[in-house]
Each structure stands twice: as C-alpha cells, then as structure tokens.
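For reference, the chains in residue letters:
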Amino acid sequence: MKVGVVTFPGSLDDGDARRAVTLAGGEAVALWHADADLRGVDAVVLPGGFSYGDYLRCGAIARFAPVMSEVVRAAEGGMPVLGICNGFQVLCESHLLPGALVRNDHQKFVCTDQRLRVEQTGTAWTSSFTAGQEITIPLKNGEGGFVADAATLDRLEGEGRVVFRYLDGNPNGSLRDIAGISNERGNVVGLMPHPEHAVEELFGPGLDGLGLFTSVLSAGLGAIA
C-alpha cells in the first residue's frame, strides 16, 4: 500500500512520517506541495512543521497549495488522510475538519511526552487500537489549542468523532481536552501530538504511535481484498 507524505516549504517531520510508514510495512511516497498530483497513493499524511513559515495563520497558506486541491478531492472520495500537528491545522483550514487551532492558552511552546486516551477506533487511522486505550506520544506545538463553537463540539462528541483526548492535564487549552478528531466518514483524522515520533524503541517514548500507520495499512489491504 502506498502512503503519500506531503512536503510543504517549512515542513519539519515529513521524513519522520515517511519512516513511520515504512516501519509499519507500507510504501512511503514523497509528495511535493507544488504538484497537483498524488502519484497513485492510497492514503496521504500531512506532516508537522511550519508550512510556509506559518505566515498569516498556521496552515492558512498551505490550504492553497496545488497538492491540496487533490488531497481535498481524494478525501471527499474516501481516501484516508492524516493531519499531524501542522497537518491538522491545514485540514481545518481546508474545511476537511471543523474547528481551528489557536495559540496555547499559556502562551508558551510545549514539548513533552503526552498521554492520550483513544476514544474512537472506527476510523481508518485507529483500528489497531482498542477503545479507551491509553497511549503516550510526543506533543510539540505553540498553537495547538483546539477550539470550536459549542454546537460543533456537541456534534463531535455526539457523533463519536473525538478520536483522541488529553490525559493528565490539558497541555494547550484545547476545549474538552480534545487532542484529535475525525470527519463524519472517519477517513480523515487530525491530531496535534506526533505519532511518527513514537514508532521505534530507541527514539521517543515507545511504539504507541505506530498503531496509526498500521491501522491505515490494514484498512487499505481490507479494501483491496
């Protein structure tokens, strides 16, 4: 299964995401922001970093990159898409996911190994987990506070679209401790923590992040079968 990882100007973790795909057993394909071509991939990862220098607003310029027109079209057709940190911000700016990410409530950059609870396993990116499973993956952001109006928050909760929730304290002021969400179909997931930094024993807090990448590979193989 081919998983594309987009590189924008200012992307930081695209190489890590490609390695995570490879370690999970997939074929990582590099995608370039200026090319409106997904190169035949079966899923897409929008990585962390500071796309286009985070000018205007995090993810606001990346939304208009030529590759994103194809990502949006593919996502609307059911292709699995994962947005990590800055990638989550791009998904919100592209209206593939609701809400927005704003500056951390304490006005400081946070970098820590963050405990999370997996709330939803019915997405293309979380089927390898069990509901309620507690995992630890790195978190690093300055503008990671998830916000939305009350009606949107209630809808996300009611429809089971809160995918990950922060444990042991809220690191950035995200409403209702939300760390990650999905679209209605469950093929698009965004989260602020970095699963690609928890895929090898000697690097990061463990292997808890690998499940996102094995999940999408399983979903893709199932679709092929």
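Sequence order as written defines the numbering, with residues in each chain counted from 1. Local features in this predicted model are restricted to residues whose pLDDT is 70 or higher, and side-chain atom pairs enter the listing and the counts only when it is 80 or higher, whereas totals over whole chains, interfaces and linings include all residues. Side-chain measures here rest on the full set of heavy atoms in the structure, leaving out hydrogens and waters.

Topic: the pattern of salt bridges
Whenever a carboxyl oxygen of Asp or Glu lies within 4 Å of a side-chain nitrogen of Lys or Arg, that contact is scored as a salt bridge. Evaluation of the coordinates by the stated rule reveals 13 salt bridges. For Asp-168, the salt bridge is made with Arg-115, and the minimal N-O distance between the two is 2.5 Å. Of the two residues, Asp-168 is situated in the loop between β9 (162–166) and β10 (178–182) and Arg-115 in strand β6 (residues 110–118); the sequence distance between them amounts to 53 residues. Assessed through its relative accessible area of 64%, Asp-168 is described here as exposed. Working definition: helices are DSSP H or I runs of at least four residues, strands are E runs of at least two. Numbering for both runs from the N terminus. Relative accessibility decides the category of a residue: with a 1.4 Å probe and only protein chains considered, values under 20% of the type maximum give buried, values over 50% give exposed, and everything between is partly exposed.

Points about helix α3 (residues 86–93)
Counting buried positions along α3 gives eight out of eight residues, so the element sits mostly inside the fold. Those residues of α3 lying buried are Asn-86, Gly-87, Phe-88, Gln-89, Val-90, Leu-91, Cys-92 and Glu-93. Looking one or two residues beyond α3, the residue adopting positive phi is His-95, at roughly 65°.

Quick look at the pairing of strand β4 (residues 81–84)
Here β4 shows two buried faces, one formed by Val-81 and Gly-83 and the other by Leu-82 and Ile-84. In short, DSSP must find at least two bridges between two strands for them to pair. As paired strands, strand β3 (residues 43–46) and β4 are joined by three bridges and run parallel to one another. Bridge pairing in β4 links Val-45 to Leu-82. Handedness of a crossover: with both strands directed away from the viewer, a clockwise path from the first strand across the helix to the second marks it as right-handed. What joins β3 to β4 is helix α2 (residues 66–76), and the crossover it makes is right-handed. Pairing analysis gives four bridges linking β4 to strand β11 (residues 188–191), with the strands arranged parallel. Bridged to Gly-83 within β11 is Gly-190.

As for unusual backbone geometry
Look at Leu-56: it is not a glycine, yet its phi comes out positive at around 70°. Of note, Leu-56 is situated in the loop between β3 and α2. Among the residues examined, Leu-56 registers a relative accessible area of 77% and is labelled exposed. In this structure, Gln-107 is a non-glycine residue whose phi angle is positive, near 65°.

Concerning the environment of Leu-153
When you line up the elements, Leu-153 lands in helix α4 (residues 150–158). In the structure, Leu-153 is positioned 111 residues away from Asp-42 in sequence and 30 Å away in space, judged by C-alpha atoms. The contact criterion used throughout is that any non-hydrogen atoms of two residues lie within 4.5 Å. In this view, Leu-153 contacts Phe-146, Ala-148, Leu-175, Arg-176 and Ile-178; residues no more than four positions away in its chain are not counted.

Here's the deal with the UniProt feature "active site" (unreviewed entry) in the protein chain
UniProt positions are given in the numbering used here, feature names are shortened, and annotations may be inferred rather than shown by experiment. The UniProt record annotates "active site" (unreviewed entry) at Cys-85, His-194 and Glu-196. Spatial clustering of the annotated residues is evident: they stretch over 112 residues in sequence, but the largest pairwise C-alpha distance comes to 11.0 Å. On the secondary structure map, Cys-85 appears in the loop between β4 and α3. Non-local contacts of Cys-85, meaning those with residues more than four positions away in its chain, are made with Gly-48, Lys-140, Asn-141, Leu-191, Met-192 and His-194. Its location among the elements puts Glu-196 in the loop between β11 and α5 (210–224).

Side note on the sheet that holds strand β1 (residues 2–7)
Taken together, nine strands build an open sheet; the order of strands is β2-β1-β3-β4-β11-β10-β9-β6-β7 and the sheet is mixed. Two strands in the sheet have a free side with no partner beyond their single neighbour: β2 (27–32) and β7 (134–141). In this sheet, adjacent strand axes meet at a mean angle of 25° when their direction is disregarded. As paired strands, β6 and β7 are joined by eight bridges and run antiparallel to one another. The partner of Arg-117 across the bridge, within β7, is Glu-134. On the sheet, α3 packs against β3, β4, β10 and β11 and is oriented at approximately 120° with respect to β4. Angles here are taken between N-to-C directions and fall from 0 to 180 degrees, while the axes themselves are lines fitted to C-alpha atoms, restricted in helices to the stretch in contact.

Description of the packing of aromatic side chains
What counts as a ring pair is set by centres within 6.5 Å for rings of Phe, Tyr and Trp (its six-membered ring), and what kind of pair is set by the plane angle: stacked under 30 degrees, edge-to-face over 60, tilted for all other angles. Applying the stated criterion to the full structure yields three aromatic pairs. Relative to Phe-146, the ring of Phe-88 has its centre 6.0 Å away and its plane inclined at 15°; by these criteria the two rings are stacked. One end of the pair, Phe-88, is in helix α3; the other, Phe-146, is in strand β8 (residues 145–147), with 58 residues separating them in the sequence. Accessibility expressed as a relative area gives 0% for Phe-88, which makes it buried. Their ring planes at 85° and their centres at 6.5 Å tell us that Phe-129 and Phe-164 sit as a pair that is edge-to-face. Of this pair, Phe-129 sits in the loop between β6 and β7 while Phe-164 sits in strand β9, placing them 35 residues apart in sequence. Residue Phe-164 is classed as buried on the basis of its relative accessible area of 0%.

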